[in-house]
Structures are given as C-alpha cells and as structure tokens.
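# Close look at the chain arrangement
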Amino acid sequence: MARTVAPNSQRKGRGTARCYTGRLLTPLIIAIDGPSGSGKGTLARRLADALGYRHVDTGAMYRAVAWRAHQLGYALDDEPAVAGLAARAVLSQDDGRVTIDGHDVTRAIRTPDIDQSAARVARLPQVRAVLVARQRELGASGRVVMEGRDIGTVVFPGAPVKLYLDASAEERARRRANDPAHSGGRTDMGHVKSAMAARDESDSTRTVAPLQMAVDAVYVDTTGWDADAVLAKVLALVRQRAATIDD
Ligand code: DC
C-alpha cells in the first residue's frame, strides 16, 4: 500500500504544482534526463516543488563552470585548469538563482555562447568527474529531483525513479526559441534548430557519459503536451513507483 502523509499546507508551490496532495515517505532520488527542449527543466522544477524536494539542474553547473572559465580567461580546452576551477568553485542553486563564486549568473549562462561553451566543457572527462562527485553529494540524502544528461546512467544509476524526456526536433526548437529565460539568442527557428542539432550531436557522441537513456528509465514523449499534462503524468508515475517502495 502506498502511504502518504497530509499535504504541507504551509508550502508554497508554483503554478498548478500546488495541486499535489501528498508527500512521499521514502526520500527518493528522481533522475530526469533528456535533450534540451524536451521539457525536463520545467518538469524537474515543478515536480520538485510539488513534492517538496530539492531541484538540481546539473546543466546549470556545466554552464556556470563554462561562464567562470571565460571570465577568468581560461582556454576551454585547458582541461586541468577548468577542472580545477570546477572543484574549487562555490556553486549554488537556490530559488532558481544560479551563482558561482559569488556571481549571480542566472541569466548570463542562458546565451547561445554559453550553450556552446558548456557543451565543450561537458566533453572534458576531468570536469565531468568533478561535477559528478559534487552532484552525488547534493543528492546523497535523497529528496531530490536531479536533471541532466547522465543522471540515470552515471550520477545515480541506482535511482529508484528515472525518466527520459524527449520531444520532436521541431517542438524542442520551438520551445527553446520561445524560452524567455534564454536571453540574447536569435529566435530564428532555423538557426535555433541547427544549433540545437549540433549540440545534441556533441552531447550524444562524446566518449564520456554521452546522452543516452538508462535501460530502466521511463520514456516520456512530451510532444504536444503542455507542462501541466506532463507534470500530472509524471506525478502519477512517481506515486506508483513510490507505492512499491513505501509498501
Ligand atoms: O541542460 P543544459 O542545456 O543546460 O546543459 C548544458 C550543457 O551541459 C549541455 O551541452 C549538456 C551538458 N550536460 C551534460 O553533459 N551532463 C549533464 N548532466 C547536464 C548537462
């Protein structure tokens, strides 16, 4: 039997995520992977909110490291230097604000330049090793929704809930072009689509931790679904999964 306790009425959710009516007993790690524009960011944030869990956007960590490397004048292919900065950096993600070494980079990391630089930094094995270790620490005690490309395959291969979000290339490009958080970009769809395809190629073909679906992940195609529908579907999945664990 699934066991839930009364909802915490003090908790302020965002949007319709507030409709969630229970709290999971077992502190879960929920791993969400998928390409950009698949809807995983929106889902992860709202799911975490609905469950009272911490949301960790691991893509923001790669982006912040790329931003800081630029700021410090490091060459992005200077692997030991970039990995060293990733290891030393004070990184935080709270209430949707991303900071690195005291700089609020929430907006600055959502630009086409950082899209490209983050993908380059994410190809470096030493940087990945450092950030994966940091991500494991962040999720160690559970109650976390962690999103990225390798969460279910590398960071938390034993996560009890794994989702792989996807959508058609057209829909992913359209979402990215209309994303208000993604500043400074060209909104020309053709350009967005080709830049996204190049990044997908880089993320999927790198030798270390390429984007791939974990064998035990649930595949969720969000094409044609709005954010509320995706959240409702995934909450149902999570509760189903939690029922077998809490039982
Ligand atoms: O999800 P995003 O677009 O913000 O990710 C930025 C870059 O970092 C992107 O190229 C994919 C990469 N990334 C990764 O390699 N592993 C992760 N766990 C998260 C992101």
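Everything below is about the structure shown above.
Note on numbering: residues in each chain are counted from 1, in written sequence order. Given that the model is predicted, a residue must reach a pLDDT of at least 70 before its local features are reported, and side-chain atom pairs must reach 80 or more before they are shown or counted; all residues, however, enter totals for whole chains, interfaces and linings. The basis for every side-chain value is the complete set of heavy atoms in the structure, and neither hydrogens nor water enter the calculation.

## A few points about the overall build of the protein
- Helix and strand content of the protein: nine helices and ten strands.
- Counting only residues that meet the buried cut, the protein has 48% of its 247 residues in that class.
- Whether two residues are in contact is decided by their heavy atoms, any of which lying within 4.5 Å being enough. Partitioning the intrachain contacts of the protein with sequence separation of at least 6 by distance along the chain shows that 75% fall at a separation of at least 24. The secondary structure listing takes helices from DSSP runs of H or I that are at least 4 residues long and strands from runs of E that are at least 2 residues long, numbered from the N terminus. Each residue is assigned to one of three classes by its accessible area relative to the maximum for its type, calculated with a 1.4 Å probe on protein chains only: buried under 20%, partly exposed between the two thresholds, exposed over 50%.

## A few points about the pattern of salt bridges
- Salt bridge, as applied in this entry: a Lys or Arg side-chain nitrogen positioned within 4 Å of an Asp or Glu carboxyl oxygen. Considering all chains together, one arrives at eleven salt bridges under this definition.
- Among the ionic pairs, Arg-176 bridges to Asp-115, the shortest N-O distance being 3.9 Å. With Arg-176 in helix α7 (residues 169-177) and Asp-115 in helix α4 (residues 112-121), this residue pair connects regions lying 61 residues apart in the sequence. We note that Arg-176, like Asp-115, is buried.
- Residue Glu-170 is joined to Lys-193 by a salt bridge in which the shortest nitrogen-to-oxygen separation is 2.8 Å. Of this pair, Glu-170 sits in helix α7 while Lys-193 sits in helix α8 (residues 189-205), placing them 23 residues apart in sequence.
- On the basis of relative accessible area, Lys-193 is assigned to the partly exposed category, the value being 33%.
- Put simply, Arg-63, Asp-115 and Arg-176 are held in one network by salt bridges that share partners.

## With respect to the packing of helix α2 (residues 58-72) against helix α3 (residues 79-88)
- At a minimum axis distance of 10 Å, the contact between α2 and α3 shows a crossing angle of 115°. Between α2 and α3 lies a crossing whose hand is right-handed. In this structure, α2 contributes Val-65, Arg-68, Ala-69 and Leu-72 to the contact, and α3 contributes Val-82, Leu-85 and Ala-86.
- Of the residues that constitute the contact of α2 with α3, the class distribution is six nonpolar, no polar and one charged. To get an axis, a line is fitted to the C-alpha atoms, and for a helix only the part in contact is used. The angle between two axes follows their N-to-C directions and goes from 0 to 180 degrees. By definition, turning the near helix anticlockwise from the far helix through less than a right angle yields a left-handed crossing, and turning it clockwise yields a right-handed one. Residues are grouped as follows: Ala, Val, Leu, Ile, Met, Phe, Trp, Tyr, Cys and Pro are nonpolar; Asp, Glu, Lys and Arg are charged; all remaining types, including Gly, are polar.

## What about the sheet that holds strand β8 (residues 144-148)?
- Any two strands with at least two DSSP bridges between them are considered paired. Strand order in the open sheet made by the five strands is β4-β8-β3-β9-β10, with parallel pairing throughout. Each end of this open sheet is capped by a strand with a single partner; those strands are β4 (54-57) and β10 (218-221). For this sheet, the mean inter-axis angle between neighbouring strands, taken without regard to orientation, is 20°.

Coordinates in, geometry out; function isn't part of it.
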